[in-house]
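Summary of the model geometry
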Protein chains: 2
Amino acid sequence: MFRIGEFSRLARVSCRLLRYYDQLGLFSPGTVDDETGYRYYHASQLARLNRILVLKELGLSLEQIGEVIDERDLSADKLRAMLLERRSEAEQRVAEEIARLRRIESRIDEIDGGGEIGADDVVIRSEPGFAFLCTRRTVSSFDEARAVVGALVKAAPQKLSPRDLGRFVVIVHSPEFEPDAIDAELGYSLVRPDALADVELALPDGGRARVRQVEPVESMATCVRVGLPEDAHAGALAIARRLAADGYTLCGPNREVFLRGPDPRAPEQAVVEMQYPVRPRT
Amino acid sequence: MFRIGEFSRLARVSCRLLRYYDQLGLFSPGTVDDETGYRYYHASQLARLNRILVLKELGLSLEQIGEVIDERDLSADKLRAMLLERRSEAEQRVAEEIARLRRIESRIDEIDGGGEIGADDVVIRSEPGFAFLCTRRTVSSFDEARAVVGALVKAAPQKLSPRDLGRFVVIVHSPEFEPDAIDAELGYSLVRPDALADVELALPDGGRARVRQVEPVESMATCVRVGLPEDAHAGALAIARRLAADGYTLCGPNREVFLRGPDPRAPEQAVVEMQYPVRPRT
DNA sequence: GTGAGGCTTGACGCTACGTCAAGGTCAAGT
DNA sequence: ACTTGACCTTGACGTAGCGTCAAGCCTCAC
């Protein structure tokens, strides 16, 4: 029989671990002295402890180990199921770490390249769908776009109250940025979409605004810009480079979501979230 | 200005996270109402939050993020250093997860193959060096080995006390297992090696036992067996298969460390740790 | 008997939040 | 003005697997 210190040296684990496993009921000493509380371990117990350590190395939780280690026959199926689960987790972790590694390396390269990148805040996330009260136009300037929006806002209260309007959103369909002919949907996301599914507005210039359902996007690169909407495109190139370096390609019409403004009195303080649908490059 | 709920929806993070970051001083609302404690965030703050989320995605800790995000110029070098560190961590994690994945898959295959493997407790770890009072022989049986050991134990007390002796250890140099001609070192590990470096014993059969320093082994596959020492080899084949499946090859003389016994009165309860030096197969 | 080292339980710490719980605020509707 | 339901506040506990004290017994070789 060994006291805890020597047994811990045999097994190359800490005393704390042995006490902890004892506390969990996962691995208890063969004998405990009732008076002193001293734990005494038998050499043959090392086999069980090693089994526990092996299962832990495979990635099972102590709780899972407790479930499989005592059942002598049933454990094969149960263990197999756990291992299958662990395998997919491990595969996912490998993929994640590799992707992370790529991003880390591209950031290091950027810093070494010395270039101000100005795209520190490009976050990639999924984006839910939403109801979109919008009108599609080919506009030649921001002033024209603003006029359209103004008309839309004025026409809206006929059928819906202002609090139903969410954010001002532009979805840009022009594949390339051509300042004098931008094909875009302009409008507002809607807060209570189900109640407003069939709203349709006539605009003073003869156009129409209707509600359409915008599909969710699985991965959307987003980036926040503060300043004149006209300048918001300035960082687009840097963002595209960043996305390319991190292993993504653009795969759809980009959007601009106005978190603040555009307020006619302080247009330079508008806050716009640029959104670029992406997918991992194969 | 947004209240915390709407801001959390904008940023796709939880309210709890925003409050937590506020508490850490990492990301605080633009305004806090003194009376109610309500947090109010400005749209433009989303840029900073996104920067934090990006750095977190790269694997930096919140503390590290706090260090780099506020310094405007110095941050490049500091960030670079952190990223280099993170890169090597990530590389290591990838390697570990891949190795783990391989072990998981080999276990699944074993279970599916249905074979009782009997090598549930093969642990791979590093093994420190130790001082070894031993004599090298070619023995033809376990009885002969026992005789040698007995002689050694009797000769020992001349120069050292029994408490200096550690465990009985056999290092087997025969590359293949040939029962009638085993080239082995037999002896005891020593507990206070520095005081005993030059001990040399004459054995009654004319042989000598001396102290040598056994080198540490970086990775040692170990497995505990309970039973007659003669039977301890039974699992060796299973262990070798397991090691091969997990991506290791044997790379040195194996050892047997007697954790209990061999006690002449109860030899079948001996506890032996089989040790096989291994190295990752390239 | 005595000093050193070993053992006990208990408690806190770690990461980055998730999840209640008890109670104060806000804004729309009546 | 009042209600009601959604929203906000702080505070506390839980997570996984132990590491690291801290205060106080136990053991044992000299």
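Residues numbered from 1 in each chain as written. Chains lettered and ligands numbered in written order. Predicted model: local features only at pLDDT ≥ 70, side-chain atom pairs only at ≥ 80, totals over all residues. Heavy atoms only, no water.

Turning our attention to the protein's contact with DNA strand D. As a matter of local geometry, DNA strand D sits amid 21 residues, with S14 and Y21 of chain A together with G5, R19 and R39 of chain B nearest to it. Within 4 Å of the protein, the contacting atoms of DNA strand D are 70% sugar and phosphate, with bases supplying the remainder. Within the contact set of DNA strand D, a phosphate oxygen lies 3.4 Å away from a side-chain nitrogen or oxygen of K56 of chain A. Counting only elements with at least two residues in the surface near DNA strand D, the list comes to α2 (15–24) of chain A together with α1 (4–11) and α2 (15–24) of chain B. If you tally residues by element for the surface near DNA strand D, the top one is α2 of chain A, at four residues. Split into classes, the residues belonging to the surface near DNA strand D amount to seven nonpolar, six polar and eight charged. (Near = heavy atom within 4 Å. Polar contact = N/O pair within 3.5 Å; in protein donor to acceptor, adjacent residues only side chain to side chain. Helix = DSSP H or I, 4+ residues; strand = E, 2+ residues; numbered from the N terminus. Nonpolar A, V, L, I, M, F, W, Y, C, P; charged D, E, K, R; others polar.)

The tally for this structure, following the rule as stated, stands at 32 salt bridges over all chains. A salt bridge links R93 of chain B to E97 of chain A, with the nearest nitrogen and oxygen atoms 3.3 Å apart. On the criterion of chain membership, the pair formed by R93 of chain B in helix α5 (residues 75–113) and E97 of chain A in helix α5 (residues 75–113) is interchain, its members lying in two chains. Accessibility expressed as a relative area gives 2% for E97 of chain A, which makes it buried. In this structure, the salt-bridge partner of R125 of chain B is E273 of chain B, at a minimum N-O distance of 3.2 Å. Highlighted residues: R125 of chain B in strand β4 (residues 123–127) and E273 of chain B in strand β13 (residues 271–280), separated in sequence by 148 residues. R125 of chain B sits in the buried class, given a relative accessible area of 10%. Note on E273 of chain B: relative accessible area 3%, which makes it buried. Salt bridges here are not isolated pairs; linked through shared partners, they connect R12 of chain A together with R125, E127 and E273 of chain B. (Salt bridge = Lys/Arg side-chain N within 4 Å of Asp/Glu carboxyl O. Buried < 20%, exposed > 50% of the residue type's maximum accessible area, 1.4 Å probe, protein only.)

Considering all chains together, one arrives at 16 aromatic pairs over all chains under this definition. A ring pair is formed by F7 of chain B and Y41 of chain B, whose centres lie 4.6 Å apart and whose planes are at 10°; its orientation type is stacked. One end of the pair, F7 of chain B, is in helix α1; the other, Y41 of chain B, is in strand β3 (residues 39–41), and 34 residues separate them in sequence. The class of F7 of chain B is buried, set by a relative accessible area of 0%. We classify Y41 of chain B as buried; its relative accessible area is 0%. Where F168 of chain B meets F258 of chain B, the ring centres are 5.0 Å apart and the plane angle is 40°; that geometry is what we call tilted. Taken together, the residues F168 of chain B in strand β6 (residues 165–172) and F258 of chain B in strand β12 (residues 254–260) connect sequence positions 90 residues apart. As far as burial versus exposure is concerned, F168 of chain B and F258 of chain B are alike and both buried. Each residue in the set F7, F27 and Y41 of chain A is aromatic and connected to the rest through ring pairs, giving one cluster. (Phe/Tyr/Trp six-rings, centres within 6.5 Å; stacked < 30°, edge-to-face > 60°.)

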